[in-house]
Amino acid sequence: MKKRMTKCKRMLALLLTMLLLFAMGCGAKTPGAAQEADQAQGNGSAAAAETPAEKKVLRIGMATDVMSFDMANYVASNDLVSGYWVYDTLVKMDENLQEQPCLASSWEQLSETSWQFNLRDDVSFIDGTKMNGEAVKFCLERAAATARAASYSGFIAGIEVKDEYTIVLTTKQPYAAVLNNLANPINCIFSPTAYENNGGDEGLVNNPVGSGPYKCVEFVINDHSYYERNEDYWGEKPAIDRIEVSVIPEESTRLIALQQGEVDLIYAPSPNEFANIEADENLSMIVSPRARNVYIGINAKSEALQDANLRHAIQLAIDPDAIVDSILEGQQRKVDGNGLIPVEICKSPFTIGEGYNPEKAKELLAQSSYNGEPIQFWAPENRYMRDSQVAQVIQQQLAEVGINTSLEIVEFGTLTSSLGSGGNVLCLYGWGFTTMEPYTGTNQLLSSSSVFNYYGFEDPEADAMMEEAMGMTDPAKIAQVYSEISRRAIEDVHCILPLYFMNNSYASTANLTGIWIMPNELIDVMKADFTA
């Protein structure tokens, strides 16, 4: 049974909540969010009589939280988790990962490069303005022109508004993944009016004004974000009234919070606690495949790693399978020669990579120009399962063949910004295939023109292959092309080494039901509820 707070604790929680709400909340500049904040502070309205303790409140402990509500300029995947709650997209994925209507009630492919979408006529944003063709055109064309969203939206050549609730989207070339990408929160639809009134791009970071099932009522970066159910939501309303996300970086502290009834759902408990959680009648484990790799980036453009023999030696000196078996206790999935793309997205028809071979690494190192100077090595903390420990093991494995590194463990947001500035040499990082198809993620990592190409992979033939593959629908041909591109980065340029494919790992109270942790890392709460 779920642990209940005493009356005293409930009163204390309410007082603390009232004090916290004096802080600047996200969306406070918009009528909808401002109204929510006023009600939470007890402004005399009927809603103020209903305290958070009386509502169905889902409390989530995450290692990191949303950093921006501007989906086209997202910082990391956690932004998309929150965006999924407050925004809608033209289409959405069901539990079988099939596209279903959302803001678009129906669609039709008119030609190889044009799609007509018929929009719902009963949807309003939380500021009261209508969702219509002009709003869709504004949001999607903005995303298509944004560098960070280019891999998700750059296929869009333009949008014609046929009438208020009909649009025709034109692609730059035939593209098989149109619907996959339109289902991603990066291609969300928000209020253009609120965007202009709140200061454009800068205001959108903290002021999400969407039409989703929830609206953000408070956001303190790196600490917490709170969401209230959108009572004017156009679709079926979720049972959960309020979502409270708290940043709890340490996995042990998250588990203690869950065990003590302070939260209902936590991200990534320690793998050595999985069995204990499963044995606890008050708790449950939620584990499922996740469309994300974790890898070592080996920047071929950095001055320290110009020598291909050195980069190759680094790859061979690292033992990914041992890392999965020991440090990660078998709770993540081995790559098994599938390259960079998770196997549920694309199964390679051939084996990619040579595997662990420390003796050959020593031979290549002897042939290289490496002089023993420590190589800069960056890794995040509390982003991936035991990431800092994994980095320390890799540092040791490299040292065993004679490669010295200077390991720096940094906050994930800092690491992401540093990678974007191009100052990286070696790094531990991961990449999600959040559209559930191979083109977008591969293009982001390996296209010569991508802002996310952090490791110096430049291959005109690979670029041409990616362009040609955009319109492919034959699964066998798609697997052949994308696996070859992955092979070139790993075996020819030696600029990246896949370590493992992730699983979604969450723990919850046993009375929380209906949570769906999606393969693209989003948290679907539409069917979530608490049992008695």
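Residues numbered from 1 in each chain as written. Predicted model: local features only at pLDDT ≥ 70, side-chain atom pairs only at ≥ 80, totals over all residues. Heavy atoms only, no water.

Peer 1: Is there a simple way to explain the overall build of the protein chain in this structure?
Peer 2: Within the protein chain, the secondary structure is distributed over 18 helices and 20 strands. For a compact globule of 532 residues, the expected C-alpha radius of gyration is about 24 Å, and the protein chain comes in at 24 Å, within 12% of that figure. Scored against the burial criterion, the 532 residues of the protein chain give a buried share of 59%. In the protein chain, of all internal contacts separated by at least 6 residues, the share reaching a separation of at least 24 is 70%. (Helix = DSSP H or I, 4+ residues; strand = E, 2+ residues; numbered from the N terminus. Rg over C-alpha atoms; globule rule 2.2 N^0.38 Å. Buried < 20%, exposed > 50% of the residue type's maximum accessible area, 1.4 Å probe, protein only. Contact = heavy atoms within 4.5 Å.)

Peer 1: Would you take a moment to explain empty space enclosed by the protein for this structure?
Peer 2: Any empty space left between the atoms is revealed when a probe the size of a water molecule rolls over them. Going through the model one piece at a time under the given rule, you end up with eight cavities of 30 Å³ or more. By volume, the largest cavity is sized at about 160 Å³. Among the elements of the structure, helix 3 (77–86), helix 15 (412–421) and strand 15 (426–432) are those that each provide at least two residues to the lining of the largest cavity. Take the lining of the largest cavity: its biggest share by element is four residues, from strand 15. Across the lining of the largest cavity, the residue classes tally to eleven nonpolar, six polar and three charged. (1 Å grid on protein atoms, 1.4 Å probe; cavity = no way out; pocket = protein on both sides within 12 Å on 5 of 7 lines; lining within 4 Å. Points joined across faces, edges and corners; volume = space filled by probe spheres on them. Nonpolar A, V, L, I, M, F, W, Y, C, P; charged D, E, K, R; others polar.)

Peer 1: What am I meant to see in unusual backbone geometry here?
Peer 2: What you tend to see is this: most non-glycine residues have negative phi, and most peptide bonds are trans. Even without glycine at this site, R386 takes up a positive phi of about 50°. Along the chain, the position of R386 falls in the loop between strand 13 (375–380) and helix 14 (387–400). Judged by its relative accessible area of 11%, R386 falls in the buried class. Located in the positive-phi region is M436, a residue other than glycine, with phi close to 60°. Inspection of the secondary structure puts M436 in the loop between strand 15 and helix 16 (438–446).

Peer 1: Even after reading the chapter, I still don't get the pattern of salt bridges, so can you show me in this structure?
Peer 2: Where charged atoms from two side chains of opposite charge come close, those side chains can pair. Summed over the entire model, instances satisfying the criterion amount to 28 salt bridges. Of the charged contacts in the structure, one is a salt bridge between K162 and E160, with a shortest N-O distance of 3.7 Å. Since its relative accessible area comes to 44%, E160 is described here as partly exposed. One salt bridge in this structure joins K334 and D325, with 3.1 Å as the shortest N-O distance. One network of salt bridges, in which partners are shared, links D459, E461, E484, R487, R488, E491 and D492. (Salt bridge = Lys/Arg side-chain N within 4 Å of Asp/Glu carboxyl O.)

Peer 1: It is not clear to me how the pairing of strand 7 (residues 166–171) should be interpreted in this structure. Could you clarify?
Peer 2: The two faces of the sheet receive side chains in turn, since in a regular strand these alternate between them. When you tally the buried positions in strand 7, you get five out of six residues, the bulk of the element. Bridge count between strand 5 (residues 114–119) and strand 7: five bridges; the pairing is antiparallel. Paired with F117 across the two strands is I167, which belongs to strand 7. Sheet topology places strand 6 (residues 156–163) next to strand 7; six bridges connect them, and they run antiparallel. Along strand 7, the bridge assignment pairs I159 with L169. (Pairing = 2+ DSSP bridges.)

Peer 1: What should I look at first to understand helix 15 in this one?
Peer 2: Structurally, the α-helix is built with 3.6 residues per turn, so residues lying three or four positions apart point the same way. The complete set of buried residues in helix 15 reads F412, G413, L415, T416, S418 and L419. Its side-chain oxygen 2.9 Å from the backbone nitrogen of G413, E411 forms the N-cap of helix 15. (Polar contact = N/O pair within 3.5 Å; in protein donor to acceptor, adjacent residues only side chain to side chain.)

Peer 1: Even after reading the chapter, I still don't get helix 3, so can you show me in this structure?
Peer 2: Here helix 3 lies mainly inside the structure; ten of its ten residues are buried. On its buried face, helix 3 is in contact with strand 1 (57–62), strand 8 (214–220), strand 9 (224–229), strand 10 (242–247), strand 12 (283–298) and strand 19 (523–524).

Peer 1: I keep staring at the environment of A507 and nothing clicks. Help me out?
Peer 2: When you line up the elements, A507 lands in strand 16 (residues 496–509). A relative accessible area of 0% places A507 in the buried class. The spatial distance from the C-alpha of A507 to the C-alpha of G61 is 9.9 Å, given a sequence separation of 446 residues. Every residue in contact with A507, bar those within four places of it in the chain, is listed here: L258, D264, L265, I266, P269, I277, S284 and M285.

Peer 1: How do you make sense of the confidence of the model for the protein chain when you look at a structure like this?
Peer 2: Detail in the predicted coordinates should be disregarded across regions flagged by low pLDDT. Mean pLDDT over the protein chain works out to 90, with 90% of the residues at or above the 70 mark. Predicted confidence is poor over residues 27–51, with pLDDT under 50, and the contacts of this stretch with residues over four places away or in other chains come to 34 contacts. (pLDDT = per-residue confidence, 0-100.)

Peer 1: How should the packing of aromatic side chains be read in this particular structure?
Peer 2: Describing an aromatic ring pair means giving the distance of the ring centres and the angle of the ring planes. Within the structure shown, the criterion is met by 25 aromatic pairs. Aromatic side chains Y295 and Y429 sit 6.4 Å apart centroid to centroid with 70° between the ring planes, which places their arrangement in the edge-to-face category. Here Y429 lies in strand 15 and Y295 lies in strand 12, a separation of 134 residues in the sequence. Both residues of the pair, Y295 and Y429, count as buried. Ring plane angle 85° and centroid distance 5.9 Å describe the contact between Y454 and Y455, whose orientation is recorded as edge-to-face. Under the relative-accessibility criterion, Y454 is labelled buried at 6%. A residue is classified by how much of its surface remains accessible, and Y455, at 2% relative accessible area, is buried. Ring pairs connect the aromatic residues Y74, Y152, Y295, Y384, F412, Y429, W431, F452, Y454 and Y455, which therefore count as one cluster. Directly above the aromatic system of Y74 lies the positively charged group of R148, at a separation of 5.1 Å from the ring centroid. The positively charged end of R383 is found above the aromatic ring belonging to F412, 4.3 Å away from the centroid. (Phe/Tyr/Trp six-rings, centres within 6.5 Å; stacked < 30°, edge-to-face > 60°. Lys NZ or Arg CZ within 6 Å of the ring centre and 35° of its normal.)

Peer 1: What is the right way to read the nonpolar core from this model?
Peer 2: As a rule of thumb, soluble globular proteins bury nonpolar side chains together. In this structure, W85, L90 and Y429 are the most contacted members of the largest nonpolar core, which totals 169 residues. Residues within four places of W85 in sequence aside, it is in contact with I60, G212, P213, Y214, Y227, I243, V245, I523 and V525. (Core = buried A, V, L, I, M, F, W, Y, C linked by side-chain atoms within 4.5 Å.)

Peer 1: Would you mind showing me how to read the environment of I496 here?
Peer 2: Topologically, I496 is positioned in strand 16. A C-alpha to C-alpha distance of 8.8 Å links I496 and L340, two positions 156 residues apart in sequence. Those residues in contact with I496, other than ones at most four positions away along the chain, are Y295, I296, I298, Q315, L340, Y455, A489 and I490.

Peer 1: Honestly, the sheet that holds strand 15 in this entry has me stumped. Any pointers?
Peer 2: Within a sheet, each strand pairs with its neighbour through backbone hydrogen bonds, oriented either parallel or antiparallel. The mixed open sheet is built from ten strands, whose spatial order is 8-9-10-1-11-16-12-15-13-14. Since the sheet does not close on itself, it has two edges, and those belong to strand 8 and strand 14 (405–410), each with one partner. The mean angle between the axes of side-by-side strands here comes to 25°, regardless of whether they run parallel or antiparallel. Pairing analysis gives six bridges linking strand 1 to strand 10, with the strands arranged parallel. If you follow G61 over to strand 10, its bridge partner there is S246. Seen against the sheet, helix 16 touches strand 12 and strand 15 and runs at an angle of roughly 155° to strand 15. (Axes fitted to C-alpha atoms, helices over the stretch in contact; angles between N-to-C directions.)

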